[in-house]
Amino acid sequence: MQSIDKNEIKKLRRLVMEKDFSRMNDMQRQAVFATEGPLLVLAGAGSGKTTVLVNRIANIIRYGRAYDSDFINANLTDADIEDCKRFIEGEELSDSVRFLLADYPSPAWKVMAITFTNKAAGELKDRLINMLGEEGEQIWASTFHSSCARILRRDAERLGYTPHFTIYDADDQRRVMKAVLRDLDISEKTMPPRAVLSEISRAKDSLRTPDIYESEAAEDFRLKMIARAYRAYQRKLEESDAMDFDDLIANTVKLFKACPDILEYYQDRFNYIMVDEYQDTNHAQYEFVNLLAAKKKNLCVVGDDDQSIYKFRGATIENIMNFEHDYPGAQVIRLEQNYRSTQNILDAANAVISNNTERKGKSLWTGNGEGKMISYHLAENEVDEADKISRIILDGVGGGAKFSDYAVLYRMNAQSQNFERMFAKQGIPHRIIGGTRFYERQEIRDMIAYLSVVNNPADEIRMRRIINRPKRGLGDKSVDTAFQIAEQVGETFMEVISHAEDFPALSRAAAKLKAFGEMISRFIRMNESDDFTMNELYQEIIDETDYIEFLQADDPERAQDRTENVEELSSNIQRYEENEGATLSGFLEEIALFTDIDNYDEGADTVVLMTVHSAKGLEFPVVFLPGWEEGVFPGTAVIYNPAEVEEERRLAYVAITRAMKELFVSGAESRMIFGSTARNRASRFIDEIPEELLERTRSREYNIRKGVMPDFSSSEHENYQNNIYKPKPSVPAPAGTFKAGDTVEHKTFGTGLILTAAPMANDTLLEIAFDKVGTKKLFANFARLTKN
DNA sequence: TTATGGCGATTTTTT
DNA sequence: ATCGCCATAA
């Protein structure tokens, strides 16, 4: 038995635990040891949030609640105590002794950690496995969406879905909505599908059903229309055995509320729940988490109110703001020490964010030292801006830096083009994350649609997508009729087309429909049979549909590329098939929830380009932030709305805090965007950075006499040669000569009347009603017009 | 039923 | 600048 008293052992145990987590700072360690009850960790950017999460889970699994506990294991021997003392001196400690120190350590499979991105979940998982070995595998570390999908797959039948329901993405949603609006005779002009969908999405985020939505709409005409669309949309999804992203969360909550037994099962299953990026949760996610945690209340949420940037998509910052209110007695721990950036970068970030009123308040500091000044460069235009940035990169790489040290983070994907062109030209290896993703490419979506239909023949939207792709003479009309018949007869679409000849309305297309149906049935049988692998099925689909030939015929230019993509999907399938228990429906789910950022591999030595949103959670030694102009960042839609400006400012904060060593902010005097040139003022966020932190430069000096070309003394010259950038002609074009109302004479079109004259770039676009050939649009400079 | 061309509208951000 | 829609023609 023990020769030392209990208090001594407790003290020793604490020392052991502290030693075990000694790589963390005091605040971080506090969070690690606060295992019981609700805990809010306000983790500033770069404050080691993931480290805390990983270590906290490790603590829960190794020691349980031992740190604050009075419990002492009676089996602890003197020899064990000696081992502990040696551990503190720096020797190893065996797991069996650790276990004797523990008080209610939790099995790994009873711990749940929820993140937003697959990448964050994967990283968490990797680090947990790294720290805990095999045991780490059993922790539920996944995204909201995949956790919910997993829960729903088990019990979706209770909600009227099959276990292999399809997950609809944005494109599928759009197609459904278009069909809905058409059915309801609502013009897309008055109700753009996008807008309706986003309204519905917002409704689902806040757990408002069509019924609730309708009652809230009251007498508002527009809202009533949306309510009808919402109802019809939801019905279509249900008929198709499909859920959209929002449904995954909302239906899980619905399931929990409707089936207390299921809720209780999960409440009992999870001892500890952790939620990352809590500031980005929406109401449905909030509800999901709260239901799960309601019984044990061992809920730890980690987040940073200053980094809440997804309000537009339903995230409510209130979730994090009200946590202490929702969970009385919650511990709050602030992590303000930053391990990522220089003090200058943090000062800039702190200064910018301090202009926001809605925040918990927190100020980052670092031991990393001041670092370099923040550079702000005002370029002439967007091409010049990209050129200056490439030059800095090339200089840096010449001086020993890696391409992968650099990241360009912009406000919107459209900005990537300049950089892509410029980097390609300058031979800078780069990757663009986001934009058109692999799984959004047409050919990939086609193939996935085939697989989806095989997996779930009730999927109307994807059925419609492939039924005439490649072309097999089945136009909208026959397909519509077949669907109508299915509805009237009460059979499935597949059943109807399998005996299409029985329906006179289908006579013309009957044979084709039947052939198609038989082909799909064959695929379905292949999928159900154990004799074929998924990839064999996939190859069969490609062969049977002559899809490669179709690609060749459809667009010979891109056929090569697209064929490669189709093959790439095949290797993805094969890779997935290596997993145990791989199923088609599992594969489809995985890719449905996959995004581009998940694919970002920090290993490759290339410059990375992505939106600021995608960059959240990432860090880079050198960061470029182009387009800091009013109207770009902050964006146009947002300038006049103070609440949205705060969100943009948080975005700016996220952007700045991605940088470890150097930060280059820039803007352009004039910028070609969305097809026309704009001259924007510098972003207000630049003015919010203290002047003493800034080093301002500009491409063009001001005191150049009017009418004289600026002196291209440096690098500009060679670049502007190769028609990437054409200097404006110094002699003004005679474009202004023509105005609306003038009668003009054209060499071939004859006489006409100018209807409109729109100045564009260096020219004027004229719309002219000619007497003989009708109305044409012509550029004044090229039209060779004479005035009458 | 499919192919084409012109026209207009449309631009955050993403699981 | 690009995309998607629509009307028109084959």
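What you see is a predicted model; the values in this text were computed from it and never measured.

Rules and cut-offs
Residues numbered from 1 in each chain as written. Chains lettered and ligands numbered in written order. Predicted model: local features only at pLDDT ≥ 70, side-chain atom pairs only at ≥ 80, totals over all residues. Heavy atoms only, no water. Near = heavy atom within 4 Å. Polar contact = N/O pair within 3.5 Å; in protein donor to acceptor, adjacent residues only side chain to side chain. Helix = DSSP H or I, 4+ residues; strand = E, 2+ residues; numbered from the N terminus. Nonpolar A, V, L, I, M, F, W, Y, C, P; charged D, E, K, R; others polar. Buried < 20%, exposed > 50% of the residue type's maximum accessible area, 1.4 Å probe, protein only. Contact = heavy atoms within 4.5 Å. Pairing = 2+ DSSP bridges. Axes fitted to C-alpha atoms, helices over the stretch in contact; angles between N-to-C directions. Arc of directions from axis to C-beta. Core = buried A, V, L, I, M, F, W, Y, C linked by side-chain atoms within 4.5 Å. pLDDT = per-residue confidence, 0-100.

S.K.: Could you give an account of the protein's contact with DNA strand B, with specific residues and numbers?
M.R.: Around DNA strand B lies a shell of 23 residues, among which Arg313, Arg411, Asn413, Thr595 and Ser614 are the nearest. Restricting attention to atoms of DNA strand B within 4 Å of the protein, one finds that 57% of them are sugar or phosphate atoms. Residue Arg313 places a side-chain N or O atom 2.7 Å away from a sugar or linking oxygen belonging to DNA strand B. Between Asn413 and DNA strand B, the recorded distance is 2.4 Å, taken from a backbone N or O atom to a phosphate oxygen. Counting only elements with at least two residues in the surface near DNA strand B, the list comes to helix 22 (476-489) and helix 29 (612-615). Here the residues of the surface near DNA strand B sort into seven nonpolar, ten polar and six charged.

S.K.: Hey, could you go over unusual backbone geometry for me, with residue numbers and the actual values?
M.R.: A negative phi angle characterises most non-glycine residues, just as the trans form characterises most peptide bonds. For the bond from Arg469 to Pro470, the omega torsion is -5°, close enough to zero to count as cis. Position of Pro470 among the secondary structure elements: in the loop between helix 21 (460-467) and helix 22. Note the cis peptide between Phe633 and Pro634, where omega equals 5°. Position of Pro634 relative to the elements: it lies in the loop between strand 15 (620-625) and helix 30 (642-656). A positive phi angle, near 55°, is found at Lys297, a position not held by glycine. If you trace the backbone, Lys297 turns up in the loop between helix 14 (283-293) and strand 7 (299-303). A relative accessible area of 40% means that Lys297 is categorised as partly exposed.

S.K.: So what about the side chain of Thr166? Which residues, and what values?
M.R.: Within the secondary structure layout, Thr166 lies in strand 4 (residues 166-168). Thr166 gets classed as buried once you look at its relative accessible area, which sits at 5%. Within the structure, Thr166 has its side chain in polar contact with the side chain of Asn456 (distance 2.8 Å). Residue contacts for Thr166: discarding those within four places in its chain leaves Asp241, Ala242, Met243, Asn456, Asp459 and Arg462.

S.K.: So, the sheet that holds strand 15: which residues are in play, and what are the values?
M.R.: One open sheet accounts for seven strands, arranged 13-14-12-15-16-11-19; its pairing is parallel. Each end of this open sheet is capped by a strand with a single partner; those strands are strand 13 (430-432) and strand 19 (694-698). The sheet shows a mean angle of 20° between the axes of neighbouring strands, direction not considered. Of the strand pairs in this sheet, strand 13 and strand 14 (residues 607-611) are connected by three bridges, and their pairing is parallel. Counted as the bridge partner of Ile432 is Leu609 from strand 14. Across the sheet, helix 17 (residues 343-353) is in contact with strand 11 (374-379) and strand 16 (659-668); its angle to strand 16 comes to roughly 50°. Strands strand 11, strand 12 (406-410), strand 14, strand 15 and strand 16 of the sheet are contacted by helix 18 (residues 382-398), whose axis makes an angle of about 155° with strand 16.

S.K.: I'd like a description of the pairing of strand 11, backed by residues and values.
M.R.: Consecutive side chains along a regular strand alternate between the two faces of the sheet. Most of strand 11 sits out of view: six of its six residues are buried. Side chains of strand 11 alternate between two faces, with Ile374, Tyr376 and Leu378 and Ser375, His377 and Ala379 buried alike. In this sheet, strand 19 lies alongside strand 11 in parallel orientation, the contact comprising five bridges. Its bridge partner being in strand 19, Leu378 is matched across the sheet by Arg698. Here strand 11 runs beside strand 16; their pairing, made up of five bridges, is parallel. Across the sheet, residue Tyr376 finds its bridge partner in strand 16, namely Val665.

S.K.: Explain the sheet that holds strand 7 residue by residue, including any values.
M.R.: The sheet built from six strands is open, its strands ordered 3-2-6-7-1-8 with parallel pairing. Looking along the sheet, the strands with just one partner apiece sit at the ends: strand 3 (140-143) and strand 8 (331-335). Along the sheet, successive strands turn relative to each other by an average axial angle of 15°, direction set aside. Packing of helix 2 (residues 26-33) onto the sheet brings it into contact with strand 1 (39-43) and strand 8, and relative to strand 8 it is tilted by some 145°.

S.K.: Outline helix 19 (residues 416-426), listing residues and values.
M.R.: Every buried residue of helix 19 is accounted for by Ser416, Asn418, Phe419, Met422, Phe423 and Gln426. One face of helix 19 carries all of its buried residues, which in axial projection span an arc of 155°. The outward face of helix 19, more than 90 degrees from its buried face, is lined by the exposed residues Arg421 and Ala424.

S.K.: An account of the nonpolar core is needed here, citing residue identities and associated values.
M.R.: Ranked by internal contacts, the top residues of the largest apolar core, which has 51 residues, are Leu451, Leu513, Phe516, Ile520, Leu569 and Phe587. Per-element accounting of this core gives the leading share, nine residues, to helix 24 (residues 507-528). With near-sequence residues (within four places) excluded, Leu451 lies in contact with Leu537, Tyr538, Ile541, Ile573, Leu584, Phe587 and Leu588.

S.K.: Could you give an account of the confidence of the model for chain A, naming the residues involved and the relevant values?
M.R.: Residues shown with low pLDDT carry predicted positions that ought not to be read at fine detail. Of the residues in chain A, 88% have a pLDDT of 70 or more, and the chain-wide mean is 85. The low-confidence segment residues 703-736, where pLDDT is below 50, has 36 contacts with residues more than four positions distant or belonging to other chains.

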